[in-house]
2 protein chains.
Amino acid sequence: MTDFAIRRATADDLPAIVAMLADDPLGARQESPDDPAPYRAAFERLDRDPNQRLVVAVQDGRTVGTLQLTMIPGLSRRGATRSIIEGVRIHADVRGGGLGTQLIEWAIEESRRAGCALVQLTSDATRTDAHRFYERLGFEASHLGFKLPLD
Amino acid sequence: MTDFAIRRATADDLPAIVAMLADDPLGARQESPDDPAPYRAAFERLDRDPNQRLVVAVQDGRTVGTLQLTMIPGLSRRGATRSIIEGVRIHADVRGGGLGTQLIEWAIEESRRAGCALVQLTSDATRTDAHRFYERLGFEASHLGFKLPLD
């Protein structure tokens, strides 16, 4: 087993990323891995946005992890930029091998490089294992995350 | 008393916005209203980012509310774009007058216009009045919000 390499995602990574999004107890019903068109369009929007970092983790040539980091400028906290982590997924074959930690640590370091004052994320209230994981990495569950789906 | 008008913020609104950010039990220590330079620099970053909508609410020529809406493209949910509401502040003089509802409803409608599938926000766990307010507007507190300040 070799280490994981984290690099910027390309369009060629999309099938592997979408398969990981669909292989999730909470996300499966919301995905359509057999219809790549909406994912390709979304990838184009991500790829041309300088505040977006969509990355993948690769091991032995296989795409086995992904994470999306968004830089959000703002006025509060003396004009601080914050980053938001979304879309963290680890392939079932490599879970427990430390890749989640490596991806989040990458996101924290990339946020520092970009001058962010804060890294934030939300996690479904039912994912208690994920909550312990983020707390071990230094995050504090200080907020509630509210969502409103639009029709 | 006249209605509130919601419009895009300009650099001239910055002193009023920063005063509202500083007039907050949780935010006061993090702000420096007497030093406008970092806020001006952050406003420039916001103003040139096409995924950002920084708005103010104006009543009788006074800037009495603000909200920041960020559009975030993504791959999950079939390539859905989501929006994030941050920096909601209402001037103490007009609290209870319905402006909070009007600002959040504006953000929801603007998110629909931009094609978002989801609107999300986080609220400090201690702000129980705010939680009831967001639930009345249709939001569900389905997630925990994790934050990690960077040095």
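Each value, and the rule that gives it
- Residues numbered from 1 in each chain as written.
- Chains lettered and ligands numbered in written order.
- Predicted model: local features only at pLDDT ≥ 70, side-chain atom pairs only at ≥ 80, totals over all residues.
- Heavy atoms only, no water.
- Least-squares fit on C-alpha atoms with pLDDT ≥ 70 in both.
- Contact = heavy atoms within 4.5 Å.
- Helix = DSSP H or I, 4+ residues; strand = E, 2+ residues; numbered from the N terminus.
- Buried < 20%, exposed > 50% of the residue type's maximum accessible area, 1.4 Å probe, protein only.
- Buried area = accessible area lost by both parts, 1.4 Å probe.
- Salt bridge = Lys/Arg side-chain N within 4 Å of Asp/Glu carboxyl O.
- Polar contact = N/O pair within 3.5 Å; in protein donor to acceptor, adjacent residues only side chain to side chain.

As annotated in an unreviewed UniProt entry, chain A carries the name GNAT family N-acetyltransferase and comes from Streptomyces luomodiensis.

Peer 1: How should I be thinking about the relation of the copies chain A and chain B in this particular structure?
Peer 2: Rotating chain A by 180 degrees about the axis while translating it 0.0 Å along that axis superimposes it on chain B, leaving an RMSD of 0.0 Å. The symmetry that links the two subunits is that of a two-fold axis. Looking at the interface residues of chain A, 100% of them are also at the interface in chain B, so both copies use one shared face.

Peer 1: Even after reading the chapter, I still don't get the environment of Leu118(A), so can you show me in this structure?
Peer 2: Within the secondary structure, Leu118(A) sits in strand 5 (residues 118-124). On the basis of relative accessible area, Leu118(A) is assigned to the buried category, the value being 2%. In sequence terms Leu118(A) and Arg77(A) are 41 residues apart; their C-alpha atoms lie 9.7 Å from each other. Among all residues touching Leu118(A), those that are not within four sequence positions of it are Arg77(A), Thr81(A), Arg82(A), Ser83(A), Lys147(B), Leu148(B), Pro149(B) and Leu150(B).

Peer 1: Looking at this structure, I do not really get the interface of chain A and chain B. What am I missing?
Peer 2: A common way to express how large an interface is: the accessible area buried when the components associate. On the side of chain B, 62 residues touch chain A, which itself brings 62 residues to the contact. On the chain A side of the contact with chain B, Leu75(A), Phe146(A) and Lys147(A) bury the most area, a combined 16% of that side's loss. Taken together, the connections running from chain A to chain B amount to four salt bridges. A salt bridge links Arg78(B) to Asp35(A); its shortest N-O distance comes to 2.9 Å. There are 36 residue pairs in polar contact (both at pLDDT 80 or more) connecting chain A and chain B. With ten residues, the single largest contributor to the side of chain A that touches chain B is strand 6 (residues 140-149) of chain A.

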